[in-house]
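# An overview of the molecular structure
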Amino acid sequence: VWVSIAGAVMVGASQGLLESTLPGIASLYTELSNRGIIMGVVNSARGFSNIIGPALGGALLDVYIKLPFYTAGGFSALAVVGMWLMKCKYNPGKI
């Protein structure tokens, strides 16, 4: 029981840190005139993922019990590559 409670606390803390950090990072890579558009896209993507993620995870779980975890790992790897490519494009001298 205590492990579940500790896990829930860690997930909640991580989620709280990411909720404010990710839009801030995204806004750093755009011009001031486009910042509102970027924030809208980031928030829309977050809302879309909150709807589609559980449904996709449930469908993948029906196929193979480990498939949702492999899919999440793949999406995480794509996000890391995307952020690295974005950093290369917008800050070429600071890598």
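On a predicted model such as this, the values are computed, not experimentally measured, just so you know.

### Describing the overall build of the chain
Within the chain one finds three helices and zero strands. For the chain, the sequential pattern of α-helices and β-strands runs α-α-α. Counting only C-alpha atoms, the chain reaches 45 × 30 × 25 Å along its principal axes. Split into buried and exposed, the 95 residues of the chain put 7% on the buried side. For the chain, the accessible surface area stands at approximately 7,500 Å², while carbon and sulfur atoms represent 74% of it.

### Regarding the confidence of the model for the chain
Averaged over all residues, the pLDDT of the chain equals 84, while 92% of them reach at least 70. The lowest-confidence element of the chain is helix α1 (residues 2–28), averaging 83 in pLDDT; the highest-confidence one is helix α2 (residues 35–63), averaging 89.

### Thoughts on the layout of surface pockets
Approximately 1,200 Å³ is the volume found for the largest pocket. Lining the largest pocket are 33 residues, with L22, A45, R46, S49 and A79 sitting closest to its centre. Where the lining of the largest pocket is concerned, the elements lending two or more residues are α1, α2 and α3 (67–90). By residue class, the composition of the lining of the largest pocket is 21 nonpolar, nine polar and three charged.

### Quick word on a nonpolar patch on the surface
A cluster of nonpolar side chains, F48, I51, I52, L56, F75 and L78, forms an exposed patch at the surface whose accessible area comes to about 640 Å². Residue placement: I51 occurs in helix α2.

### A word on α1
Look at α1: 39 Å from first C-alpha to last across 27 residues, which is about the 39 Å you get at 1.5 Å a residue. Roughly 30 degrees is the biggest bend found in α1, and it falls at L18. For α1, the set of buried residues is P23, A26 and S27. The inward-facing, buried residues of α1 contact α2.

### Topic: the environment of L32
Positionally, L32 belongs in the loop between α1 and α2. Residue classification places L32 among the exposed positions, given a relative accessible area of 68%.

Criteria and cut-off values
- Residues numbered from 1 in each chain as written.
- Predicted model: local features only at pLDDT ≥ 70, side-chain atom pairs only at ≥ 80, totals over all residues.
- Heavy atoms only, no water.
- Helix = DSSP H or I, 4+ residues; strand = E, 2+ residues; numbered from the N terminus.
- Buried < 20%, exposed > 50% of the residue type's maximum accessible area, 1.4 Å probe, protein only.
- Areas by Shrake-Rupley, 256 points an atom, 1.4 Å probe, with all protein chains shown as cover.
- pLDDT = per-residue confidence, 0-100.
- 1 Å grid on protein atoms, 1.4 Å probe; cavity = no way out; pocket = protein on both sides within 12 Å on 5 of 7 lines; lining within 4 Å.
- Points joined across faces, edges and corners; volume = space filled by probe spheres on them.
- Nonpolar A, V, L, I, M, F, W, Y, C, P; charged D, E, K, R; others polar.
- Patch = residues over 30% accessible without salt bridge, like charges linked within 9 Å, V, L, I, M, F, W, Y side chains within 5 Å.
- Salt bridge = Lys/Arg side-chain N within 4 Å of Asp/Glu carboxyl O.
- Expected span 1.5 Å × (residues − 1).
- Bend = angle between axes of the 7 residues up to and from the residue.
- Contact = heavy atoms within 4.5 Å.

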